[in-house]
Amino acid sequence: MKSHARVVVIGGGVVGCSVLYHLTKLGWSDVVLLERSELTSGSTWHAAGGMHTINGDPNVAKLQKYTVELYKEIEAYSGQDIGLHMTSGLMLAATPERFDWFKSLLAKGKYANGEARLVSVEEAHAMMPLLDPTQFVGAVFDPHEGHLDPYRTTHAYAKSAKKNGAEIYLHTKVEDLVQRPDGTWRVITDKGEIRCEHVVNAAGLWAREVGRMVGLELPVLAMEHMYLITEDMPEVIDFNKTSGRELMHCVDFDGEIYIRQERNGMLMGTYEKDCRPWSPIETPWTFGHELLAEDLERITNELEVGFRHFPAFNNAGIKTIINGPFTFSPDGNPLVGPVRGMTNFWSACAVMAGFSQGGGVGLALANWIVEGDPGFDVFAMDVTRYGDYASLAYTNAKVRENYSRRFSIRYPNEELPAARPLLTTPIYDALKARGAVFGASYGLETPLWFAPEGVEDAFSWRRSTDFEHVGRETKAVRDSVGLMETSGFAKYSIGGEGAHAWLDHILAGKVPAVGRMALSPMLNEAGKLIGDFTLANLGDDAFLLIGSGIAEDFHMRWFETHLPDDDSVSFDCLNLGLVGLSIAGPRSRDVLQKLTHLDLSDQALPFMGIVEIDLGMAPVILGRVSYTGDLGFELWMKPEYQRYLFDLIMEAGAEFGITLFGLRALNALRVEKSFGSWSREYRPLYGPVEAGLGRFIAYGKEADFIGKAAAIEEKAEGGALRLVTFVVDAKDADVLGDEPISLDGQVCGWVTSGGYAHAAGVSVAMGYVPKEVSRTEEGWQIEVLGEMLIARLQPHPIFDANGSRMRS
């Protein structure tokens, strides 16, 4: 065994072998894979081997498409037959609500040149005669579905990697990982030690245990998963003879089953409600090419539906039952990328859909290791999307929920209950008592809207029971004053003699003067957006940085990687050590002025000003800024003062009709100002000029900020896209994000976010289109739930186009 390597990949499943191959494809041949048993031991060998390109996240769908297209390449390059069967597939809808979801899903793929299409029940039955057409209302046909042999496919990756110079050591168990002072790693095995620069945790069922070797508790849990294989079925044999092809894949979402042909019989699998975690605390190292005990009784309900939807199964004998463990993250997406706080320790685990996503995960991670960037927007799979709150018990609860709902509709206004409430603020009970309907964001309970007694969310793709009440909240802000909790934002404290220079380097905007705030994007080396922040200069080399709460660990990883080594900068993520309130509307100043003797007039505290004062008896950091686009103030305080300030402000605001508002009202307010948000309008796909943030980039500042050269180049060339706003002739449903934007009948862009702007009384969509047509006023359409709706480009914000309300 080698004593040194550039990269050591731990785990010989399909994901580990894909990472190994892609590293060699990028030219890194000094790479090693370690497997404690044989290749495919763990989950890979007993996988059903299905694959598809459709995904609710278009960025993940791109990686799945890459994965499927890769198979012919590795088969040819390795000389290994992978048993590839590209049969095409159907996704079946048994309810109108599911069919609405299909329409939304298909629309998302249109700007990515997706070839899937809606088909009638009759068409679906002609394609797949085993289904009972009376049980369904429609379907989606996808030409890019199929299945393969998991064992042979994994070996094709491995052979391709070895052909490029990689080495694979089987029956070599990793027993410990130790990072040396110079950042390199000691990988200690039962066969000796390898020293390397990078370690990749692709250990599958043992990813949690490998993480624990470095003090990391990954949010990953294995679940038992069952499928059965029938004996030969005459219906299958007859179809093959008469059609000359295999039966296609089918996913019956409402039946919570999937089926495909297996030799002369059929395979049927299910994601059952009565699910079972496997080894929830620790995975035994002795487990290998083994299966779990059969438990058909547990999936009886799903099988009954399956046999009703596909009657031919009633006459089929069961030949084999497979019950094996597969790993999941709390939301079902992989955990990929560099682990925060460690040098060159990489995660590539929880890839449940290994044969749909394994190739894309391998490519993204190899790019990240070699080039310093994944080459795609992989935030939906980034390991940093979970913080410290994702404990073992949290993971257990959320994975169970996700597994049992894998084929269930997740409505856009639906909040899932497992592992909640977990993180709460001091005013949680006060908000709940006033009707707050909460959502969980990065583990924190955050008010979405405020419901009168007896009113609850009715989950739907269309406008729902919250509609008029969110409208009331938004109009209260525009007409008088509203109060909102903002503790869910990420807060960072920066100080020290080197703080100013470091911020000048890490952020692309100007560092504000003492007592002032500034909006500042953060860029990667390629000049793409990786963050948008509000930076406040509190004086005496003390700064407060406010950013997106869901990206806290994502940004912390970046900040910590780029901090200087000389201790000239202190950096602290405040989390819930600092909580917040936001008050907005034309009477917001009047409310706050009642609580202090200090002058809060525009002359004393102008727009983007910030002060540390007392409101009543409580010390606060008060900033003159608001994401609503109206006159407003943000208040930041220690948690012990929040309840006192909440009561104080509500009492002072009573004479002005102060109204509580939540995130849904905030969304309605910000879209009529054309304000973007992180992970929708602002993400690593876009440059600042494309995103409309060019005015916040300090191109001429002396500091050599990260991404400066690329940003200057984008400014000179203009970028390829433009973020624009539309008013949509919507009916009873508004855009959610990722819908296609068409000009004169041709798809040319995509929606990033939107919603109904209650105060303006219009439906709004924000999205990206080519810059060449970004000023075209006529001919636009946006597809919502399968219907093409007229859209009118808005060259200026719908509300307060010149920003006078914010600055008054």
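This text follows the structure it describes.
My aim in this report is to walk through the structure given alongside it, one point at a time. Residue positions are given per chain, counting from 1 as you read along its sequence in written order. Totals for whole chains, interfaces and linings use every residue, but because this is a predicted model, local features are given only for residues with pLDDT of at least 70 and side-chain atom pairs only at 80 or more, for both listing and counting. Think of the side-chain values as coming from all heavy atoms in the structure, minus any hydrogens and water.

## Side note on the nonpolar core
Note the following rule: Residues belong to a common nonpolar core when they are buried Ala, Val, Leu, Ile, Met, Phe, Trp, Tyr or Cys residues joined through side-chain atoms within 4.5 Å. Think of it in three bands: residues with accessible area under 20% of the maximum for their type are buried, residues over 50% are exposed, and the middle band is partly exposed, with areas taken using a 1.4 Å probe on protein chains only. Put simply, DSSP H or I for four residues or longer makes a helix, DSSP E for two residues or longer makes a strand, and each gets a number counted from the N terminus. When checking whether two residues touch, look at their non-hydrogen atoms; a contact exists if any pair is within 4.5 Å.
Judged by nonpolar contacts, the single largest core of 95 residues is most densely connected at Val9, Leu23, Val200, Leu365, Phe726 and Ile782. When residues in this core are grouped by element, the largest group, eight residues, is from helix α9 (residues 354–371). Discounting chain neighbours no more than four positions away, the residues touching Leu365 are Val19, Val200, Val336, Gly337, Trp346, Ser347 and Ala348. Leu529, Trp558, Cys573 and Met766 belong to the second largest nonpolar core, which has 47 residues in total.

## Description of the environment of Val68
The topology assignment puts Val68 in helix α2 (residues 58–78). What makes Val68 buried here is its relative accessible area of 9%. The spacing of Val68 and Glu783 is 715 residues in sequence and 27 Å in space, taken between C-alpha atoms. Leave out the neighbours within four places in its chain, and Val68 touches Met51, His52, Thr53 and Met86.

## Some details on the packing of helix α1 (residues 14–25) against α9
Going by this rule: Axis angles are defined between N-to-C directions and span 0 to 180 degrees, where every axis is a line fitted to C-alpha atoms and, for a helix, only to the segment in contact. Throughout this description, any angle smaller than 35 degrees is read as roughly parallel, any larger than 145 degrees as roughly antiparallel, any in the 65 to 115 degree range as roughly perpendicular, and the remainder as oblique. Two helices cross in a left-handed way if the nearer one is turned anticlockwise from the farther one by less than a right angle. They cross in a right-handed way if the turn is clockwise.
Look at α1 against α9: their axes get within 8 Å of each other, and the N-to-C directions meet at 40°. It follows that α1 is oblique to α9 by the angle criterion. The handedness of the crossing between α1 and α9 comes out as right-handed. Contacts from Val14, Val15, Ser18, Val19, His22 and Leu23 in α1 reach Gly354, Phe355, Gly358, Gly359, Val361, Gly362, Leu363, Leu365, Ala366, Ile369 and Val370 in α9.

## Here we look at the sheet that holds strand β31 (residues 632–637)
Definition in use: By definition, two strands form a pair when at least two bridges between them are found by DSSP.
Across the sheet, six strands lie side by side as β29-β30-β31-β28-β22-β32; this open sheet has mixed pairing. Across the chains shown, the open sheet's two edge strands, defined by having one partner strand only, are β29 (610–615) and β32 (659–660). Relative to β32, strand β22 (residues 482–485) runs parallel, the two sharing two bridges. What sits directly across from Gly482, in β32, is Thr659.

## Notes on the side chain of Ser404
What counts here: Pairing of N or O atoms within 3.5 Å defines a polar contact, subject to two protein rules: one partner must be a possible hydrogen donor and the other a possible acceptor, and residues neighboring in sequence count only if both atoms are side-chain atoms.
Its location among the elements puts Ser404 in helix α10 (residues 392–404). Given a relative accessible area of 13%, Ser404 falls into the buried group. For Ser404, the side chain forms a polar contact with the main-chain oxygen of Glu401, separated by 3.0 Å. Non-local contacts of Ser404, meaning those with residues more than four positions away in its chain, are made with Glu256, Tyr271, Glu272, Lys273 and Cys275.

## Some points on the sheet that holds strand β26 (residues 542–547)
Overall, antiparallel pairing links the five strands, which are arranged β24-β25-β26-β23-β27 in an open sheet. Two strands bound the open sheet, and with one partner strand each, they are β24 (517–523) and β27 (570–573). Each strand of the sheet is rotated relative to its neighbour by a mean of 25°, with strand direction disregarded. Pairing of strand β23 (residues 490–495) with β27 involves four bridges; the strand directions are antiparallel. The residue bridging Tyr492 from the neighbouring strand is Cys573, located in β27. Lying over the sheet, helix α13 (residues 499–506) contacts β23, β24, β25 (529–539), β26 and β27, oriented at roughly 130° with respect to β23.

## Some points on the side chain of His309
Here His309 shows up in helix α8 (residues 300–309). Judged by its relative accessible area of 4%, His309 is buried. Residues within four places of His309 in sequence aside, it is in contact with Leu130, Leu131, Asp132, Gln135, Phe136, Asp252 and Gly255.

Purely geometric numbers; function is a separate question.
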